[in-house]
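# Geometric and topological summary
One letter stands for each residue in the lines below.
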Amino acid sequence: MTAEDSLATRSVMRDYPPASAVRTLYSPEAIAARVKELGRQISADYAGGPLVLICVLKGSFMFAADLVRAISLPVRIEFLGVQSYGSGTESTGAVQIIQDLTQPIENEDVLVVEDIVDTGLTIAYILSLLRARNTKSLRICALLDKPSRRRVEAVADYVGFTVEDKFIVGYGLDHAQEYRNLPGLVRVARDPAVIP
Ligand code: 5GP
């Protein structure tokens, strides 16, 4: 890629989505600072390790990638692919595992990394699945928590930010698979589902 190509790419990126349509809730810098704090707390709580960190796909891929670098313990990474069925921005709680872990987690300290706990249905399903695998411990780290939306009891042990009942995208979170690549946590006005 030439220097000119890379400049052209950067100017395209700057226009997507148009700045006027985006309201930033948490900037990349604010996220990085909070992730560092979470990493420090987790490293202290699991002093010595080892820890198995389960990245729930797809929404937590970016958060997990940053969080794992903020944890100073021996960590094994696993990915759990889940698909929840729902219309638009609502989850129904019907969750299907589309990619399972590659190795057993029996007798391991396990930390599930989720993008957001909303109604709680998804994480409740994931926990029931993982509890059956006889881990030594099982905790949840959620980037975002929307406690006002809970339909089932679900408590995240570590939370990045507690948010209101607003649909948020960016930093791995999508709407219809779009916006995951935005570096901050934002609301996008041009999407009818996410009018601020
Ligand atoms: P729950 O089962 O807790 O209602 O929903 C969890 C899933 O719904 C999350 O993992 C996420 O994929 C999706 N979700 C809930 N709220 C939001 C939101 O504000 N923004 C985005 N992008 N996804 C959300």
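Now for a quick tour of the structure. (Residues numbered from 1 in each chain as written. Predicted model: local features only at pLDDT ≥ 70, side-chain atom pairs only at ≥ 80, totals over all residues. Heavy atoms only, no water.)

Bringing the nonpolar core into the picture now. A general feature of soluble globular proteins is that nonpolar side chains tend to end up buried together. Within the largest apolar cluster, 27 residues are counted, with the highest numbers of intra-cluster contacts made by I42, F63, L67, C141, L144, Y171 and L185. Only helix 2 (28-45), strand 2 (51-57), helix 3 (61-69), strand 5 (109-117), strand 6 (137-145) and strand 7 (158-162) provide two or more residues apiece to this core. Within the second largest apolar cluster, 20 residues are counted, among which are V52, L130, A142 and A154. (Core = buried A, V, L, I, M, F, W, Y, C linked by side-chain atoms within 4.5 Å. Buried < 20%, exposed > 50% of the residue type's maximum accessible area, 1.4 Å probe, protein only. Helix = DSSP H or I, 4+ residues; strand = E, 2+ residues; numbered from the N terminus.)

Let us look at helix 2. For helix 2, spanning 18 residues, the distance from its first C-alpha to its last is 26 Å, which sits close to the expected 26 Å at 1.5 Å a residue. Every buried residue of helix 2 is accounted for by I31, V35, L38, G39, I42 and S43. The buried residues of helix 2 occupy an angular sector of 130 degrees when projected down its axis, which confines them to one face. Residues of helix 2 that are exposed and point over 90 degrees away from its buried face: E29, K36, R40 and A44. (Expected span 1.5 Å × (residues − 1). Arc of directions from axis to C-beta.)

This paragraph deals with the site of the ligand. Neighbouring the ligand are 16 residues; D115, T119, T122, I168 and D174 lie closest to it. The backbone of I168 places a nitrogen or oxygen atom 2.6 Å from a nitrogen atom of the ligand. Taken by itself the ligand offers 510 Å² of open surface, and the protein chains cover 90% of this. The leading source of residues in the shell around the ligand is strand 5, at four residues. Among the residues making up the shell around the ligand, the classes are represented as six nonpolar, four polar and six charged. (Near = heavy atom within 4 Å. Polar contact = N/O pair within 3.5 Å; in protein donor to acceptor, adjacent residues only side chain to side chain. Areas by Shrake-Rupley, 256 points an atom, 1.4 Å probe, with all protein chains shown as cover. Nonpolar A, V, L, I, M, F, W, Y, C, P; charged D, E, K, R; others polar.)

The analysis is restricted to geometry; functional conclusions fall outside its scope.
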